Amino acid sequence: MTAPIVLKFIEEVWNQQAIHLTESYLHPDFIDHSLPDTFPAGAEGVKKWIRVTSASFAHHTIVEDQVTEGDKSIIKITMRMKHIGTWRGIPATGKEVSTKGYRFFRLKDGKIIEQWAMIDGNLLEKQLTKTED
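Residues numbered from 1 in each chain as written. Predicted model: local features only at pLDDT ≥ 70, side-chain atom pairs only at ≥ 80, totals over all residues. Heavy atoms only, no water.

Draft legend 1. Here's a closer look at the packing of aromatic side chains. Enumeration over the complete set of coordinates arrives at 5 aromatic pairs. Geometrically, the ring pair formed by Phe 57 and Trp 87 is edge-to-face, given 5.6 Å between the ring centres and 65 degrees between the ring planes. Highlighted residues: Phe 57 in strand 2 (residues 57–69) and Trp 87 in the loop between strand 3 (72–83) and strand 4 (96–108), separated in sequence by 30 residues. Taking relative accessible area as the criterion, Phe 57 reaches 2% and is therefore assigned buried. (Phe/Tyr/Trp six-rings, centres within 6.5 Å; stacked < 30°, edge-to-face > 60°. Helix = DSSP H or I, 4+ residues; strand = E, 2+ residues; numbered from the N terminus. Buried < 20%, exposed > 50% of the residue type's maximum accessible area, 1.4 Å probe, protein only.)

Draft legend 2. Spotlight on the layout of surface pockets. Considered as a void within the structure, the largest pocket measures approximately 450 Å³ in volume. Around the largest pocket, the lining comprises 21 residues; the ones closest to its centre are Trp 49, Thr 53, Trp 87, Arg 103 and Ile 119. The set of elements that each furnish at least two residues to the lining of the largest pocket consists of helix 3 (43–56), strand 3, strand 4, strand 5 (111–119) and helix 4 (121–129). Its residues assigned to classes, the lining of the largest pocket shows 13 nonpolar, 5 polar and 3 charged. (1 Å grid on protein atoms, 1.4 Å probe; cavity = no way out; pocket = protein on both sides within 12 Å on 5 of 7 lines; lining within 4 Å. Points joined across faces, edges and corners; volume = space filled by probe spheres on them. Nonpolar A, V, L, I, M, F, W, Y, C, P; charged D, E, K, R; others polar.)

Draft legend 3. Spotlight on the sheet that holds strand 1 (residues 26–32). Strand order in the open sheet formed by 5 strands is 1-5-4-3-2, and the pairing between neighbours is mixed. Strands with a single pairing partner mark the edges of an open sheet, and in this sheet they are strand 1 and strand 2. On average, adjacent strands in this sheet sit at an angle of 25 degrees to one another, irrespective of strand direction. The strands touched by helix 4 within the sheet are strand 2, strand 3, strand 4 and strand 5, with strand 4 carrying the most contacts at an inclination of about 160 degrees. (Pairing = 2+ DSSP bridges. Axes fitted to C-alpha atoms, helices over the stretch in contact; angles between N-to-C directions. Contact = heavy atoms within 4.5 Å.)

Draft legend 4. Looking closely at the pairing of strand 5. As judged from the 3 bridges shared by strand 1 and strand 5, these two strands associate in the parallel manner. Its bridge partner lying in strand 5, Leu 26 is registered against Ile 112. In terms of strand pairing, strand 4 meets strand 5 through 8 bridges, oriented antiparallel. Counted as the bridge partner of Lys 108 is Lys 111 from strand 5.

Nothing here speaks to function; it is geometry throughout.
Have a look at this one:
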């Protein structure tokens, strides 16, 4: 059941920040192909990324659409965030912003073994640096 695992992972680990549940969703051989090069590619990298993201933003991911076939699932997401800490050198603004993107997952043995993400960080940066007219 690919679809429910992905949705639960987003809700529990990302939205509720239940980082202690990460390994219950990720395969021991998990690789995240979208993490910064300075992060480990496995579960520890995901945990670190969630902590870093959460230090910069109070965030909530909304799954707009999902397509699942076999062991693969892609979700279209909207991320709603409040800027609470420095991100890309931009000090906290308190602004409420949003961006969109996609996450692609591959599963093995009932767990996520690979993930790729494309999130529009440039749109986010424009919203944070835009001055009010």
